[in-house]
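Reading the structure
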Amino acid sequence: MSTAHGTTVLALKRTERAERTLVCLGFCGGGTAAYHEWAAAMPPATDLLAVCYPGREGRFAEDFAEDWGALAEDATAAVRAATADGAPYVLFGHSMGGWMAFDVATRLAAAGDPAPEALVVSACNAPDRGLTERDRFPDPRDTDDELLTWMSTHGLLPAHVLEDEDLTEMAVELMRADLRVRDTFTHTGAKVAVPLQVLSGADDPVVEDEAGTRWGGLTTAAHRHDVLPGSHFYTPGIWRTLPDRIAALHPDAPLTKGALSG
């Protein structure tokens, strides 16, 4: 079981004699809150950790990351600390967090750190073509009201935030900071050597039809693509139980080479 704690790595669920840990990286404009409800859906003997980026939650007093490289270095250090005991772990990222999880995995490999049992990327296109117009969703040129509409439509903002002017202002500031970071992303050409699972929503306007195939070209290990009901954050029910869909957390449903669907 990982011993990481504090404001950077949050332990959302601990178990006795854990066999593995799911480590989650945040999406654009988000924090760790969206992962809290996963605790009830975790399989036995599995811990749940979430990485908090600078400028939010317990790290509110810290400056936002200035660019992708700075945030990736911060996230890599967090995952390294969370997995320092060498216990098996699965690395997960949603939307921008999918690219971040991929980047972190390549950085850990380059440094000789323990690799995850599997990499799970959700609601994101393969990064090998770099940032395309399709990936600029939402768009940093959107007005504050348009960003708030996007966040509320996709379930990023609870009602009490939308009803508080100060909180909505903070939410927009956070989103814009993350969009600035996202828009400095470049793909280095790196690949991973761990099993890769891609999750995407059937009605997601961001993710391309060939995303699973393109992602498969970025690992030298097994890969699969699972298409789920809903849009960018699936349906509320699917999101709450998304750990049920992560194959590496369930030994009876292992990843197999080329097991693609959708």
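Before reading further, recall that the structure is shown in the block above.
Note that this is a predicted model, so its numbers are computed, not measured. (Residues numbered from 1 in each chain as written. Predicted model: local features only at pLDDT ≥ 70, side-chain atom pairs only at ≥ 80, totals over all residues. Heavy atoms only, no water.)

**As for the overall build of the protein chain**
The condition that has to hold: Comment: elements are numbered from the N terminus, with helices defined as DSSP H or I runs of at least four residues and strands as E runs of at least two. Only the C-alpha atoms count toward the radius of gyration. The rule for a globule is 2.2 Å times the residue count to the power 0.38. For every residue, the accessible area obtained with a 1.4 Å probe (protein chains only) is divided by the maximum for its type, and the residue is called buried under 20%, exposed over 50%, and partly exposed between those limits. Note on contacts: a residue pair qualifies if any of its non-hydrogen atoms lie within 4.5 Å across the two residues. Note on areas: Shrake-Rupley, 1.4 Å probe, and residue coverage restricted to the protein chains presented here.
A tally of helices and strands in the protein chain yields eight helices and eight strands. On C-alpha atoms alone, the protein chain measures out to a radius of gyration of 17 Å, which is about the 18 Å that the 2.2 N^0.38 rule sets for 262 residues. On the principal axes, the C-alpha backbone points of the protein chain span a range of 45 × 40 × 35 Å. Residues counted as buried form 54% of the 262 residues belonging to the protein chain. Across the protein chain, every contact between residues at least 6 apart in sequence was considered, and the portion connecting residues at least 24 apart equals 80%. For the protein chain, the computed accessible surface area is about 11,200 Å², with 52% contributed by carbon and sulfur atoms.

**Topic: the packing of helix α2 (residues 68–82) against helix α3 (residues 96–111)**
Our working rule: Lines fitted to C-alpha atoms define the axes, with helix axes restricted to the stretch in contact, and inter-axis angles between N-to-C directions lie between 0 and 180 degrees. Relative orientations are named as follows: roughly parallel for angles under 35 degrees, roughly antiparallel for angles over 145 degrees, roughly perpendicular for angles from 65 to 115 degrees, and oblique for any other angle. Handedness of a helix crossing follows the sense of rotation of the near helix relative to the far helix, less than a right angle counterclockwise being left-handed and clockwise being right-handed.
Between α2 and α3, the shortest axis-to-axis distance is 9 Å and the interhelical angle comes to 65 degrees. Relative to α3, the element α2 lies roughly perpendicular. The interaxial crossing formed by α2 with α3 has right-handed handedness. Listed contacts from α3 to Trp-68, Gly-69, Leu-71, Ala-72, Glu-73, Ala-75, Thr-76, Val-79 and Arg-80 of α2 are Met-96, Trp-99, Met-100, Asp-103, Val-104, Arg-107, Leu-108 and Ala-111.

**Re the nonpolar core**
We apply this condition: In plain words, nonpolar cores are sets of buried Ala, Val, Leu, Ile, Met, Phe, Trp, Tyr and Cys residues tied together by side-chain atoms within 4.5 Å.
Ranked by size, the top nonpolar core spans 50 residues in total, and within it Leu-25, Val-79, Leu-91, Met-100, Leu-119, Met-151 and Trp-215 carry the most contacts. Judged by nonpolar contacts, the second largest core, of 25 residues, contains Leu-12, Ala-34, Leu-199 and Trp-239.

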